[in-house]
Amino acid sequence: MNYRHGYHAGNFADLLKHTALCELLRLLTAKDKKLFVLDTHAGAGGYDLAASQARRTGEAEAGIVRLLAEPRANLPGAIARYLAAVEAYDRKFGPAGGTLRRYPGSPRLVRAALRPGDRFIACERHPEEALKLKREFAGDRAVEVRQSEGYHAVKELLPPVERRALVLIDPPFEASDEFELLTRAVRHGLRRFATGCYAIWYPIKDEAPVSEFLESLAGVKCLDMRLDLGPRTPEGKLAMCGLVVINPPWKFEEAMHEALPWIAARLGDGVRATLRVPALAAAPQA
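Cut-off values and rules
- Residues numbered from 1 in each chain as written.
- Predicted model: local features only at pLDDT ≥ 70, side-chain atom pairs only at ≥ 80, totals over all residues.
- Heavy atoms only, no water.
- Helix = DSSP H or I, 4+ residues; strand = E, 2+ residues; numbered from the N terminus.
- Buried < 20%, exposed > 50% of the residue type's maximum accessible area, 1.4 Å probe, protein only.
- Contact = heavy atoms within 4.5 Å.
- Pairing = 2+ DSSP bridges.
- Axes fitted to C-alpha atoms, helices over the stretch in contact; angles between N-to-C directions.
- Phe/Tyr/Trp six-rings, centres within 6.5 Å; stacked < 30°, edge-to-face > 60°.
- Lys NZ or Arg CZ within 6 Å of the ring centre and 35° of its normal.
- Polar contact = N/O pair within 3.5 Å; in protein donor to acceptor, adjacent residues only side chain to side chain.
- Core = buried A, V, L, I, M, F, W, Y, C linked by side-chain atoms within 4.5 Å.
- Arc of directions from axis to C-beta.

Note that Leu 21 resides in helix H1 (residues 12-28). Given a relative accessible area of 3%, Leu 21 falls into the buried group. Sequence separation of Leu 21 and Met 225 is 204 residues, and the distance between their C-alpha atoms is 13 Å. Contacts of Leu 21, omitting those with residues within four sequence positions, involve Ser 106, Leu 109, Val 110, Leu 166 and Leu 168.

Another aspect to go through is the sheet that holds strand S5 (residues 143-146). With mixed pairing, the 8 strands of this open sheet are ordered in space as S5-S4-S1-S6-S7-S9-S8-S10. Because the sheet does not close on itself, it has two edges, and the strands there are S5 and strand S10 (272-276). For this sheet, the mean inter-axis angle between neighbouring strands, taken without regard to orientation, is 10°. Pairing of strand S4 (residues 119-123) with S5, which is carried by 4 bridges, proceeds in the parallel orientation.

Under the criterion given, the structure shown has 5 aromatic pairs. Centre to centre, the rings of Tyr 89 and Phe 93 are 5.2 Å apart; their planes meet at 75°, and the pair counts as edge-to-face. Overall, Tyr 89 belongs to the buried group, its relative accessible area being 4%. Of the aromatic side chains, those joined through ring pairs into one cluster are Phe 173, Phe 179, Trp 201, Tyr 202 and Phe 213. Positioned above the aromatic ring of Trp 201, the side-chain terminus of Lys 17 is 4.4 Å from the ring centre. The ring of Phe 93 has Arg 102 lying over it, and the distance from NZ or CZ to the ring centre is 4.5 Å.

Now for unusual backbone geometry. For residues besides glycine, phi is generally negative; the peptide bonds are generally trans as well. The linkage connecting Leu 158 with the following residue, Pro 159, adopts the cis geometry, with an omega of 0°. Considering the arrangement of structural elements, one finds Pro 159 in the loop between helix H7 (150-157) and strand S6 (165-169). Backbone geometry places Asn 74, a non-glycine residue, at a positive phi of 60°. Counting through the fold element by element, Asn 74 comes out in the loop between helix H3 (64-68) and helix H4 (77-91). With a phi close to 55°, Phe 173 is a non-glycine residue in the positive phi region. On the basis of relative accessible area, Phe 173 is assigned to the buried category, the value being 6%.

Turning to the side chain of Glu 59, a few remarks are in order. Mapped onto the secondary structure, Glu 59 falls in the loop between helix H2 (52-57) and H3. Given the relative accessible area of 16%, Glu 59 is considered buried. At 2.9 Å, the side chain of Glu 59 forms a polar contact with the side chain of Asn 11. Aside from chain neighbours lying at most four places away, what touches Glu 59 is Tyr 7, His 8, Gly 10, Asn 11, Ala 54 and Lys 237.

Ranked by size, the top nonpolar core spans 93 residues in total, and within it Ile 64, Phe 213, Met 225 and Ile 246 carry the most contacts. Here the element with the most residues in this core is H1; it accounts for 11 residues. Filtering out sequence-adjacent residues up to four positions away, Met 225 remains in contact with Leu 16, Ala 20, Cys 241, Gly 242, Leu 243, Val 245, Phe 252, Met 256, Leu 260, Thr 274 and Leu 275.

Along helix H9 (residues 207-215), the positions that sit buried rather than exposed are Val 210, Phe 213 and Leu 214. Around the axis of H9, the buried residues are gathered within 95° of arc, so they sit on the same side. Facing away from the buried side of H9, by more than 90 degrees, are the exposed residues Glu 212 and Glu 215. Each element contacted by the buried residues of H9 is listed here: helix H8 (178-192), strand S7 (197-203), strand S8 (222-228), strand S9 (240-246) and S10. One side-chain oxygen at the N-terminal end of H9 lies 3.1 Å from the backbone nitrogen of Ala 208; it belongs to Asp 206.

With 7 of its 7 residues buried, S9 lies for the most part within the structure. Every second residue of S9 is oriented toward a common face, with Met 240, Gly 242, Val 244 and Ile 246 on one face and Cys 241, Leu 243 and Val 245 on the other, all of them buried. In the sheet, S7 pairs with S9 via 6 bridges, with the strands oriented antiparallel. Opposite Tyr 198, over in S9, you have Ile 246 as the bridge partner.

Take it as geometry only, folks, not as evidence of what the structure does.
Laid out in structure tokens, this is it:
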């Protein structure tokens, strides 16, 4: 995959990962203890849906724009909070005009949930994206932006002094060995900080590397969630993706069981959401 998120902001993959992210942040900040958040592949922070990249694909129209058009009565709680966070970010750029203009990337959703005393480090390796990210948070002392390789940050920054952490790993999947890099990073993270909460996004184009990655999590408490757009997806377009959450907080699984089928039902015929708790088999010997 050649992945620059400006082309994909607000698409079906963002609906999955950002609904989950907002809910994780809500549950983890409910405790009166400091939280460390690490975003290893943070992107630009926020995205202009009127810019050429977003207009070229139109993926937001089939994703977040479609959800925002739904009646607001009786929404699942996680969906209501996610949509409120999207609209709150958009309002920073002017009064609401009926059309979504700006979409928040994961760093903006994290920033909105931070409390005084929480700590947030956002890493982005790509120079142009890192510069945009620094501009997005210019003057904001609550956010530390690093132009660096996010996988290295997992080794360097864990365990955190706060002893509580959410680690978001959302790689670009540009490298042919991305799943190998991801697996090593997750193993490093769990060895250094086994009790942390990890949210890991992955695309599904070939089941073999996905299965190998999930098998590497044997013995780890996690929830595997997927959205599948189905066979009507145009050839060459990503049609299925997943998010694994390791050590999910209490009530997170319940919230996702309510939210994800709701999203799938509104994205069109044939769209499916699946949630699975992998068996806690014994971890393989190193």
